[in-house]
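# An overview of the molecular structure
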Amino acid sequence: MSVVDLQRTCKPADYKSAVKPIWCPGCGDYHVLMSFTRAFAQLGLPPEQIAVISGIGCSSRIPAYTNCYGFHGVHGRSLAVAAGLKVTRPDLTVVVASGDGDGYSIGGNHFLHACRRNIDMTYVVMDNRVYGMTKGQPSPTTEPDFDTALSPGGTGLSPFHPLVIALASGANFIARCFSGEPNETADILVEAIRHPGFSFVEILSPCVTFRPDEKEWKSLVHPAPVATTNDPARAARRIMTDDGFNIGILYRGERRPYGPEFGAQAADLAELECEFEQ
Amino acid sequence: MSPKASLSIAIAGSGGAGALTVGNLILEAASAAGWQGLLTRTVGPQIRGGEAAALIRLAAGPVECMPDQFDLLVGIDWLNAHRFGSEIPLGPDSLVIGDPRGGDRPDNFAQSGARIVDIPMKEMAKAIPDGRPNMIALGIAGQLIGIGEEALDRLIEKQLAGKGQLAIDSSRAALKAGYAAAAGLELGHRLPPPAARSARRWLASGNETTALGAIRGGIRFAAAYPITPATEILEWLAPALPKVGGSLLQAEDELAAINMIIGASFGGTPALTATSGPGLSLMIEALGLATAAEIPIVVIDVMRGGPSTGIPTKSEQADLNIAIYGLHGDAPHLVLAPQSVADCLFTAQWATYLAETLQAPAIVLSDQFVGQARAAIDRPADVAFIGQRARQTEFGETYKRYALAANGVSPMALPGARGGQYTADGLTHTEQGTPTSSAVDHQSQLDKRRDKLDRFAYGVHWATIEGDGDIAVITWGSLTGAAREAIDRAAHDGVNATLIAPRLLSPVQPDQFAAALKGKSRILVVEQTHGGQFHRYLRAHYELPGEVRVLNRPGPLPIKPGEIHAALTKWRT
């Protein structure tokens, strides 16, 4: 890549496609898209070297709105698609986009194992604490008293704590962002993408249609008061005791990322059949 | 193959008695002597212990099914042998050798009219320091089959090389004692001497040849979730793939496995997973995604008894319906089935080639019988099918990933190629890949996916068609060998039949099928399902002329060549 090429691709607009988002006016995900394109521009990555992988839901629509290679698969399986891609194409920058339903409910098992496997990728979950695309059902992060047609009077269930789960499962980088702060979010995404291994970035992204109360998040979020730690015990205590609106990089681990050792190309496939020969 | 052209031996014993070791040694020694053969195991679901039997059939030519009855049964002991008694059919010509102190011999063995001979294997072994009864049994079998004692002697030395001289010496002494004990005995017939070997000889299971075939076809990534009876494919690939620049990833479940291979293939790496019925059920949604997003993948389903957990260690052909019809929406994809251990190599390679060429998922319906059977075969000929995906590397103003090409196959951009950026999508999309709910785009993309499969020329490999009788025996998969043998035997009785065994089950080939059925007045459909799935499939897609009969049975008992032979010869017009 020449210097001219790099300059050409360094504007956020270069990472945005012409496809018009289907999101509601005021949706937090518009800002997340903005953070994506700003982060990619800051990193100076050629758009064709980035793959944005997603599942199903409002947030999972994001790949087609970028000018990168995109993959919009089935509900809940984005991390598995991304794992297969990154292991076979380590040259690519792989960013996975998900939501609280896609990522924590139907895709919950893959979340655990992606953290544990620690393949070098960045997992962005746009958490609005509701299923938006199917019009307002409770998700794993929804408060217990949130009244919906599917859960009259609320679920009565404790919300899932994704950051704690990520830490316990072995994620190598854990951050919380707020979509309403796209520049800060872009900065954190840059750090997450640069950090080797599995980086998990939870972005609080309000659903203005089914959770108008989330407009309040703007006044609730605040920067994390303490510096990033690489000590999982300390990170666990902080994450479990904070108010859920602590914004910043909360944990930065030092685990070695997973990567298969590729053998040299065998001169001849005939070698493989040796064990059949009598 | 006439019943006298082969020799079939069963070695039975309780778990740990070493029956399977004996079976493997017999197959290997017979193969070294020039015979071909097939070894299947019948084991209980126990991880260790329980019962085990090795079933071996040997002949001068290819062996692709088990016999109507066994010539020799050696019971190292009879503990739990009643559990698989029905899987070792015997007759008046059979010889049963057992240890009088080896427990109660199942009644059905004697009821068959078989000759019963007692040899005190346990006692004989005791007279040898560290002697084991299974090596006595090996000697008995070797003597009766006509394998030279030196050949087994050498094999024991090779196999036990790491276990010390005492182990080798005691096994040799036991082998010798076995040969001596059986010296005065004769089987109903001897095995014709093997032909001079013209080709290199392979000893391999169908699961192993499937894995090699897939690599030869271009597979360089596999995602693995263990399941009986498919695991050996994945275990064979794990060390093999890195040797050719590939890799394998163990998945957390089958949902992850199939999505991992879709991700790898999206990046340009031909990819495979292997599973069995329960796993295939979990993969179905993503198979639809691969169809819609036009991402080539290969899924090997080594079928077992179903539904649900069913009989994991036994064979059945009852995943046909889910493989062909299981996907939601209109989702054309490839379904293929190998017909023998040797054909697993070809079919897996061809499936990979077709998936890559047609940018579509391919399901390969292998089964427990062919997958876990171990065969001594001539090395199959090399074939030239190597997956070559149509790729685009130069791009104009707008790249249309799903362009409506005449043959339905639109060149694919791979991540990293500048100007080719697109989003692969399970949503109905335009030619560019942009999501849409337009009726025109939906129709044209459905047409595209159907046409690319329907318009492709699959050539002669779509089916095995042999003979020219007016009866057609239509079967598929691992039953092909039994049907071939039955037709061969019926010809000696003056009944001429044609074998038709489609290797390509989807897309269907109506013109070729009609040509194969031209002039047939009777059709015998043979399948290993309870519900007659293959018969219904044939009825749905093909015109079946004349009278149609169906010979179907679920697993676990294999359909024997004699049953098909009887159905042919007793069919009076």
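Residues numbered from 1 in each chain as written. Chains lettered and ligands numbered in written order. Predicted model: local features only at pLDDT ≥ 70, side-chain atom pairs only at ≥ 80, totals over all residues. Heavy atoms only, no water.

Our focus in this paragraph is the pattern of salt bridges. The final tally for this structure, using the stated rule, is 40 salt bridges over all chains. Note that B:Arg418 is salt-bridged to A:Glu48, the shortest N-O span being 3.0 Å. Linking B:Arg418 in the loop between strand 14 (374-378) and strand 15 (423-425) with A:Glu48 in the loop between helix 2 (28-43) and strand 1 (50-54), this pair reaches from one chain into another. Judged by its relative accessible area of 5%, A:Glu48 is buried. A:Asp213 is paired through a salt bridge with A:Arg211; the nearest N and O atoms lie 2.9 Å apart. A relative accessible area of 2% means that A:Arg211 is categorised as buried. A network of salt bridges, in which partner residues are shared, links A:Glu273, A:Glu277, B:Arg200, B:Arg216, B:Arg379 and B:Asp382. (Salt bridge = Lys/Arg side-chain N within 4 Å of Asp/Glu carboxyl O. Helix = DSSP H or I, 4+ residues; strand = E, 2+ residues; numbered from the N terminus. Buried < 20%, exposed > 50% of the residue type's maximum accessible area, 1.4 Å probe, protein only.)

A complete count under the given rule lists 30 aromatic pairs over all chains for this structure. Where B:Phe395 meets B:Tyr399, the ring centres are 5.0 Å apart and the plane angle is 75°; that geometry is what we call edge-to-face. Each of the two residues, B:Phe395 as well as B:Tyr399, counts as buried. A network of ring pairs unites the aromatic residues A:Tyr69, A:Phe71, B:Phe266, B:Phe395, B:Tyr399, B:Tyr402 and B:Tyr422 as a single cluster. Here the guanidinium or amino end of A:Arg211 rests over the ring plane of A:Phe146, the centre of that ring lying 4.1 Å away. (Phe/Tyr/Trp six-rings, centres within 6.5 Å; stacked < 30°, edge-to-face > 60°. Lys NZ or Arg CZ within 6 Å of the ring centre and 35° of its normal.)

The next thing to look at is a nonpolar patch on the surface. Nonpolar side chains collect at one region of the surface, where A:Ile22, A:Ile56 and A:Met133 lie side by side and expose about 230 Å² of accessible area between them. Tracing the backbone shows A:Ile56 in the loop between strand 1 and strand 2 (69-72). (Patch = residues over 30% accessible without salt bridge, like charges linked within 9 Å, V, L, I, M, F, W, Y side chains within 5 Å. Areas by Shrake-Rupley, 256 points an atom, 1.4 Å probe, with all protein chains shown as cover.)

Below, the discussion takes up the interface of chain A and chain B. Between chain A and chain B, the contact holds 52 residues from the first and 60 residues from the second. Of all residues in chain A, A:Tyr69, A:Phe276 and A:Gln278 bury the most surface against chain B, accounting for 20% of the area lost on that side. Counting every contact that joins chain A to chain B gives 6 salt bridges. The closest approach of N and O atoms between B:Arg379 and A:Glu273, which form a salt bridge, is 2.5 Å. Applying the counting rule to chain A against chain B returns 26 residue pairs in polar contact (both at pLDDT 80 or more). Considering each element in turn, the side of chain A that touches chain B owes the most residues, 7 residues, to helix 3 (residues 78-88) of chain A. For the side of chain A that touches chain B, the class distribution of residues is 26 nonpolar, 15 polar and 11 charged. With 3 bridges joining them, strand 2 of chain A and strand 15 of chain B adopt parallel strand pairing. Bridge assignment links A:Phe71 to a residue of strand 15 of chain B, and that residue is B:Ala424. (Contact = heavy atoms within 4.5 Å. Buried area = accessible area lost by both parts, 1.4 Å probe. Polar contact = N/O pair within 3.5 Å; in protein donor to acceptor, adjacent residues only side chain to side chain. Nonpolar A, V, L, I, M, F, W, Y, C, P; charged D, E, K, R; others polar. Pairing = 2+ DSSP bridges.)

A few words now on the environment of B:Gly245. Checked against the element boundaries, B:Gly245 lands in the loop between helix 8 (231-243) and strand 9 (247-250). In the structure, B:Gly245 is positioned 25 residues away from B:Arg220 in sequence and 7.1 Å away in space, judged by C-alpha atoms.

Looking now at the domain arrangement of chain B. Residues and elements named next belong to chain B. As assigned here, chain B comprises domain 1 (3-181), domain 2 (203-378), domain 3 (390-443) and domain 4 (459-569). Summarising the inter-unit geometry, the C-alpha centres of domain 2 and domain 3 are found 27 Å apart. Approximately 970 Å² of surface area, both sides summed, lies buried where domain 2 meets domain 3, with 58% of it carried by carbon and sulfur atoms. Where domain 2 meets domain 3, there are 0 salt bridges. Here domain 2 and domain 3 share 4 residue pairs in polar contact (both at pLDDT 80 or more) between them. For the side of domain 2 that touches domain 3, the elements supplying multiple residues, two or more each, are helix 9 (254-266), helix 10 (277-292) and helix 12 (341-358). (Domains from an automatic or database assignment.)

Moving on, we come to the sheet that holds strand 10 (residues 271-275) of chain B. Two orientations exist for strands paired in a sheet by backbone hydrogen bonds: parallel and antiparallel. As summarised here, the arrangement of the 7 strands in space is 9-8-10-11-13-12-19 (chain B), forming an open sheet in which the pairing is mixed. Looking at strand neighbours, the two that pair on one side only are strand 9 and strand 19 (504-506) of chain B, the edges of this open sheet. Within this sheet the neighbouring strands show an average axis-to-axis angle of 25°, counted without direction. Sheet analysis places strand 12 (residues 334-336) of chain B next to strand 13 (residues 361-367) of chain B, joined by 3 bridges and oriented parallel. If you follow B:Leu336 over to strand 13 of chain B, its bridge partner there is B:Val364. Where helix 3 of chain A meets the sheet, its contacts fall on strand 8 (221-224) and strand 9 of chain B, and the angle it forms with strand 9 of chain B comes to roughly 150°. (Axes fitted to C-alpha atoms, helices over the stretch in contact; angles between N-to-C directions.)

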